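# Secondary and tertiary structure notes
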Amino acid sequence: MIRPFQRIRPPGIRIQLMLWYTMVFAFLILCSDIVLYTQLRTTLITSLNTALQLRSQQIASGIANNGGTITIQDVTGDLSNSDTTTSDMPDASLDIEFGTFVRILNANGQPLRISPAFRTLVLPPISVTQPLHGSDWQGTVMTRGGQEVRLYSVPFTENGTTFAIIQVGESLTQVNTALHSLVLELLIIAPFILLLSAVGSYWLGTHAFAPMNRLIHTAQRIRAGDLQQRVPVPRAYDEVRALALTLNEMIEHLDQTFTRQRRFVADASHELRTPVTAIRSMTELAQLKTLTIEEYEHTLDTINKEAERLGHLISDLLALARADERRVMLEQEAIRLDTLVEAVVANAEGLALERGVSLQLHVSQSVTVLGDEARLMQAVINLLDNALLYTDAGGRVSVKIEATSTYALLTISDTGIGIVPAHLPHIFERFYRADPARTRKEGNSSGLGLAIVEWTIHAHKGTIAVESQPGLGSTFIVRLPRVCAPSQSAFQ
């Protein structure tokens, strides 16, 4: 029983907008019709009340009180052929709609003059008692035939004493007929207005979503693999423009990401193929001819070095892949950065001495940072190895630890070959080498060291920058948030 309803698809946005607009228009039309009906009825009733007051004043001008004797002169014609002796006239012979409703009462509430049509009214007692107390009364009463009549009762006083009551009335048939005609006309007009509003709102929705359709068509072409396409940006500063700009930024980011990924895969394949090719060449050479023990040892040593380099490369690739997937969990503990750097520099002194490079350390003060000690140590080792690798014999590498109130600064400077300014923005990219002069001199460099350094520093909420001039050397500046007290917790 539920499945047929589950198959019903919800309407599209344009249909929903059309329905919402139509419902809003229907509500507005209903409210405006109610206001119009109420206002018109109030106006007609007010006009009728005014007409009844004028008629009562005309009748009152023909009434006089002479020593307790009331004389009545019919000045309006409403009382012609009307007196208290015509009570036997049948109601069926009266035209209530156009009949005259007039009655004059004395101070005791006894009728003095009454029109034939007035005899058909069913009057509430207050219509007489209130005027006897000196106050006007007006309201709607019914005939015995069920028709509405507007009645106005006014006292006629002399020297503050009420001696007569004048009651005049008029049928509400014409007023009700006019109101009913208005309701009928509104009911006829409303569907056409709602139909026009539905068609207009659907057209407006279609016109408003035209830029969205262009966005969809462009996105479909981009989905086919053409990341050079960009969605059109409307000139109007609205939500569609913001969406188009956001999509273009996303596509640009995806294009750059895929380009880096393709280049990374190509570079990784090349880097992996080099040691594998070297190992295969060595083993094939050993199989083709008989080698001496020294040649076998040299071959095995070469294979071991290439395998070691291949292992370092695979480890670096795995670390970066896990970092991209945000699967690397970093410990967070208080670390003396000056002590960590001193240990790294002490281990690198032998390598510096072997290459004929002067290695200097300057620590202005002790400084504590929060982070993963192993990762930070690896980053410092990579920076120091990079400086030693590209500094010729007789050069100098300087390591400096400084601190501000909020940051710890690690500066590693060298007097090596330097970097061309055009290559500085790309120096931290994976497998990027600025020029042939900066190619690998030793077997352990994988081309991923600086990329790992940048990721490590950013993971610790720090920054890294490089300044370099060709032939004068390079300076790497690392800035890490400083903490004042040791603490340990899980990395967030």
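Residues numbered from 1 in each chain as written. Predicted model: local features only at pLDDT ≥ 70, side-chain atom pairs only at ≥ 80, totals over all residues. Heavy atoms only, no water.

## What about the packing of aromatic side chains?
What counts, and what does not: When two rings of Phe, Tyr or Trp (its six-membered ring) have centres within 6.5 Å they constitute a pair, described as stacked for plane angles under 30 degrees, edge-to-face for angles over 60, and tilted for the intermediate range. Strands here are runs of E lasting at least two residues and helices are runs of H or I lasting at least four, both read from the DSSP assignment and numbered beginning at the N terminus. The classification of residues rests on relative accessible area computed with a 1.4 Å probe and restricted to protein chains. Under 20% of the type maximum is buried, over 50% is exposed, and intermediate values are partly exposed. Any Lys NZ or Arg CZ found within 6 Å of a ring centre and within 35 degrees of that ring's normal is scored as a charge over the ring.
If you walk through the whole model with that rule in mind, you get two aromatic pairs. Relative to Phe163, the ring of Phe156 lies with its centre 4.8 Å away and its plane at 75°, an arrangement referred to as edge-to-face. Aromatic side chains Phe428 and Phe476 sit 6.3 Å apart centroid to centroid with 80° between the ring planes, which places their arrangement in the edge-to-face category. With a gap of 48 residues between them, Phe428 in the loop between strand 13 (407–414) and helix 10 (449–459) and Phe476 in strand 15 (residues 473–483) connect regions that are remote in the sequence. Exposure remark for Phe428: the relative accessible area of 13% places this residue in the buried category. In this arrangement the basic side chain of Arg479 is found over the ring face of Tyr407, its NZ or CZ atom lying 5.3 Å from the centre.

## Brief notes about the nonpolar core
Heads up, the rule is: Residues enter a nonpolar core if they are buried and are Ala, Val, Leu, Ile, Met, Phe, Trp, Tyr or Cys, with the set joined through side-chain atoms within 4.5 Å. Throughout, a contact is declared for two residues whenever any of their heavy atoms are within 4.5 Å.
Ranked by size, the top nonpolar core spans 36 residues in total, and within it Val341 and Leu384 carry the most contacts. Among the secondary structure elements, those contributing two or more residues to this core are helix 8 (337–355), helix 9 (373–389), strand 12 (396–403), strand 13, helix 10, strand 14 (463–469) and strand 15. Apart from residues no more than four positions distant in its own chain, Leu384 is found in contact with Val344, Val345, Ala348, Leu359, Val397, Val399 and Ile412. In terms of nonpolar packing, the next biggest core, distinct from the first, is built from 18 residues, Leu52, Val102, Ile104 and Ile166 among them.

## Concerning the pattern of salt bridges
Where charged atoms from two side chains of opposite charge approach closely, those side chains can pair. Condition: Salt bridge, as applied in this entry: a Lys or Arg side-chain nitrogen positioned within 4 Å of an Asp or Glu carboxyl oxygen.
This structure, assessed with the given rule, holds two salt bridges. Notably, a salt bridge pairs Glu170 with Arg55, separated by 3.8 Å at the nearest N-O pair. Of this pair, Glu170 sits in strand 8 (residues 161–171) while Arg55 sits in helix 2 (residues 13–60); the two residues are 115 residues apart in sequence, bridging distant segments of the chain. Arg55 gets classed as partly exposed once you look at its relative accessible area, which sits at 24%.

## Focus: a nonpolar patch on the surface
Let me state the cut-off plainly: Here the term patch refers to residues with relative accessible area over 30% and no salt bridge, with like charges joined within 9 Å and nonpolar side chains (Val, Leu, Ile, Met, Phe, Trp, Tyr) within 5 Å. Each accessible area value is a Shrake-Rupley result obtained with a 1.4 Å probe; residue values ignore everything except the protein chains displayed when judging cover.
A surface patch of nonpolar side chains, amounting to about 490 Å² of accessible area, comprises Leu184, Ile188, Ile189, Phe192 and Ile193. Mapped onto the secondary structure, Ile189 falls in helix 4 (residues 173–208). A relative accessible area of 44% means that Ile189 is categorised as partly exposed.

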